[in-house]
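Summary of the model geometry
Chain by chain, the residues:
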Amino acid sequence: QVQLIESGGGLVQAGGSLRLSCIASIRTFGFYAMAWFRQAPGKEREFVAAITWATGNPDYADSVKGRFTISRDNAKNTVYLQMNSLKPDDTAVYYCASRPGGVLLTYASYPYWGQGTQVTISS
């Protein structure tokens, strides 16, 4: 069973930065993809960024490209989401997710989820 625990959310002003962390318990990291999704009130859960344990190559949503950076540290079983130049539109609950296999962009394809961490950006 895969267990994911997120942390690092909070309240910051527009233009500020946050770093989210996701500690994962996975038996074979090389066959898993890790991703971040977010969900704002009244909106669908949307893809933010993803990375594979095997290659470390990232994927980003267009809305965060150039501002967010996803990375992983296999020794710490942790995936990070560094968020810079934050905007009020980034306000959402951010979820860490994992699936066996490669990166996909829809939340329904991910069977494993963390509890979510709230990110609020004030203007």
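Residues numbered from 1 in each chain as written. Predicted model: local features only at pLDDT ≥ 70, side-chain atom pairs only at ≥ 80, totals over all residues. Heavy atoms only, no water.

What about the nonpolar core?
- With 35 residues, the main nonpolar core has Met34, Trp36, Leu81, Met83 and Tyr94 as its most contacted residues.
- Broken down by secondary-structure element, the contributors of at least two residues to this core are strand 3 (18-25), strand 4 (32-39), strand 5 (46-52), strand 7 (68-73), strand 8 (78-83), strand 9 (92-100) and strand 11 (117-122). (Core = buried A, V, L, I, M, F, W, Y, C linked by side-chain atoms within 4.5 Å. Buried < 20%, exposed > 50% of the residue type's maximum accessible area, 1.4 Å probe, protein only. Helix = DSSP H or I, 4+ residues; strand = E, 2+ residues; numbered from the N terminus.)

Structural notes on the side chain of arginine 38
- Structurally, arginine 38 is set in strand 4.
- Within the structure, the side chain of arginine 38 is placed 2.7 Å from the side chain of glutamate 46, a separation counted as a polar contact.
- Polar contacts involving the side chain of arginine 38 include one to the side chain of aspartate 90, which spans 2.9 Å.
- With residues up to four places along the chain from it excluded, the contact list for arginine 38 reads Glu44, Arg45, Glu46, Val48, Ser63, Val64, Phe68, Asp89, Asp90, Ala92, Val93 and Tyr94. (Polar contact = N/O pair within 3.5 Å; in protein donor to acceptor, adjacent residues only side chain to side chain. Contact = heavy atoms within 4.5 Å.)

Side note on the packing of aromatic side chains
- Considering all chains together, one arrives at 5 aromatic pairs under this definition.
- Between phenylalanine 37 and phenylalanine 47, the ring centres sit 5.8 Å apart and the planes meet at 75°, which makes this aromatic pair edge-to-face. Taken together, the residues span a long stretch of sequence, with phenylalanine 37 in strand 4 and phenylalanine 47 in strand 5 at a distance of 10 residues. An identical accessibility class is assigned to phenylalanine 37 and phenylalanine 47; each is buried.
- For the ring pair tyrosine 110 and tryptophan 113, a centre distance of 6.4 Å and an interplane angle of 65° mean the geometry is edge-to-face.
- Here tyrosine 110 falls in the buried class, since its relative accessible area comes to 3%.
- One aromatic cluster is present, built from ring pairs that chain together Phe37, Phe47, Tyr95, Tyr110 and Trp113.
- We note arginine 45 situated over the ring of tyrosine 95; from NZ or CZ to the ring centre the distance is 3.9 Å.
- Its end group placed over the ring of tryptophan 113, arginine 45 keeps NZ or CZ at 4.8 Å from the ring centre. (Phe/Tyr/Trp six-rings, centres within 6.5 Å; stacked < 30°, edge-to-face > 60°. Lys NZ or Arg CZ within 6 Å of the ring centre and 35° of its normal.)

These results come straight from atomic positions and should not be treated as a statement about function.
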